[in-house]
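The residues making up each chain are set out below.
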Amino acid sequence: MALKVHVTGGEGFLGRYIIDAMGEGYELDVTDVSSLDVTDQAATTKRLAAAKPDVVCHLAGLTGAGASLEDPRRFFEVNLTGTVNVLEACRQAGVGGFVFLSSLTVHGQTESGTVDEDSPRRPRHPYAGSKAAAELVVETYARCHQIRSAILRPTLIAGEGQRESNAVTEFLEQAGRGEAIELFGDGSHQREWLHPSDVGTAVRAAVDYVAATEDLVCEAFLVSSGAPVSMADVAKTAIAVAGRGELRFLPSTRQAFNLCTATDKARRLLRWSPDVDFVEIVRRCAAAQP
């Protein structure tokens, strides 16, 4: 019998990749803001009561650090209260499994530059704060109402169809125009990148994980390549793929810090690893540009 999975936010950028990754073996019920506003408790409860899924995959939410600074209340309303509403609907409908798409940004800036699932939450903007707060709600419902849960914290994502700006697409655009890519500091600070298709397979693995386990569980997983790339190398790769452009360095700022991850937990428990390496991510983003 196919596993019944309800996906909120399923028509967004990541949602489309996640739906594609699910493939056969799942009976999907997909909603987005046009068909279900998760800030509406009554509507959310009614939809999940009718769908009766085995697992809810909660993607619906607002993204963007800069945008969250402009309207923090809205971010907490959608990302935090929306998550409470979905979990309460799960409780009332007797849903046994829950997968929540969080963010690596809940960890903020760390002294060591490397985080694992037990690293402190230190959000640096309202978007990260709303995700960190929502994680606490997931943990609470898992403990109090026996909803087996997985929290996924993806690192930086870049891929085709993405509207939100990121360093890869910005660098490609600048290099394509023959402009200089400007970096703060010496460009040695590192980040990790994921293609959205790999986020999709991680979500599928998490859905299978919470559906298969018989134990009460609420596990957090860092979802990352485990292959740090310096910002200088990000820029150099963009220049190489674009075939033009140059690199220029500016005085260092507080943004010039490392943020890398330990990835063994997802590989061990979810049996997940990414397929698309960083150079291929840049190539795909370049090919998708207008």
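Since this is a predicted model, take the numbers as computed values, not measurements.

1. Points about the packing of aromatic side chains
Under the definition given, this model contains four aromatic pairs. Summarising the aromatic geometry, the rings of F13 and Y17 are spaced 5.6 Å apart at their centres and angled 75° between planes, so their arrangement reads as edge-to-face. Of this pair, F13 and Y17 are both found in helix α1 (residues 13–22), four residues apart, which corresponds to roughly one turn of the helix. Under the relative-accessibility criterion, Y17 is labelled buried at 18%. Both rings, one in Y209 and one in F221, keep their centres 5.7 Å apart while their planes meet at 90°; by these two values the pair is edge-to-face. With Y209 in helix α7 (residues 196–212) and F221 in strand β11 (residues 218–223), this pair connects stretches of sequence that are twelve residues apart. Take Y209 and F221: they sit in the same class, and that class is buried.

2. Some remarks on the environment of D118
Within the fold, D118 resides in the loop between β5 (114–115) and α5 (126–145). By relative accessible area, D118 is classed as exposed at 73%. Residues D118 and H107, spaced eleven residues apart in sequence, show a C-alpha to C-alpha distance of 9.7 Å.

3. Focus: the packing of helix α6 (residues 167–176) against helix α10 (residues 278–288)
α10 packs onto α6 with a crossing angle of 60° between their chain directions and a minimal axis gap of 10 Å. The orientation of α6 relative to α10 falls into the category oblique. Crossing handedness for the pair α6 and α10: right-handed. Together, V168, T169 and L172 of α6 and F278, V282, C285 and A286 of α10 make up the contact between the two elements. Class assignment for the residues of the contact of α6 with α10 results in six nonpolar, one polar and no charged.

4. Points about the nonpolar core
If you look at the biggest cluster of nonpolar residues, it comprises 32 residues, and the most contacted ones within it are V5, V99, L152, V203, V207, L270 and W272. Residue assignment for this core shows that the elements contributing at least two residues are β1 (3–8), α1, β3 (55–58), β4 (97–101), β6 (148–154), α7, β11 and α9 (264–270). Counting residues per element, this core draws most heavily on α7, which supplies eight residues. Ignoring anything within four residues of it in the chain, the contact list for V5 reads M22, Y26, E27, L28, D29, P53, V55, C57 and V207. Within the second largest apolar cluster, 21 residues are counted, among which are V168, F171, A175 and L183.

5. Notes on the environment of V56
Tracing the backbone shows V56 in strand β3. When its relative accessible area of 0% is taken as the criterion, V56 is described as buried. Between the C-alpha atom of V56 and that of T110, which follows or precedes it by 54 residues, the distance is 32 Å. When near neighbours in sequence (up to four residues on either side) are disregarded, V56 contacts H6, L48, V86, C90, V95, G97, F98 and V99.

Rules used throughout
Residues numbered from 1 in each chain as written. Predicted model: local features only at pLDDT ≥ 70, side-chain atom pairs only at ≥ 80, totals over all residues. Heavy atoms only, no water. Phe/Tyr/Trp six-rings, centres within 6.5 Å; stacked < 30°, edge-to-face > 60°. Helix = DSSP H or I, 4+ residues; strand = E, 2+ residues; numbered from the N terminus. Buried < 20%, exposed > 50% of the residue type's maximum accessible area, 1.4 Å probe, protein only. Axes fitted to C-alpha atoms, helices over the stretch in contact; angles between N-to-C directions. Parallel < 35°, antiparallel > 145°, perpendicular 65-115°, else oblique. Left-handed = near helix turned anticlockwise from the far one by under 90°. Contact = heavy atoms within 4.5 Å. Nonpolar A, V, L, I, M, F, W, Y, C, P; charged D, E, K, R; others polar. Core = buried A, V, L, I, M, F, W, Y, C linked by side-chain atoms within 4.5 Å.

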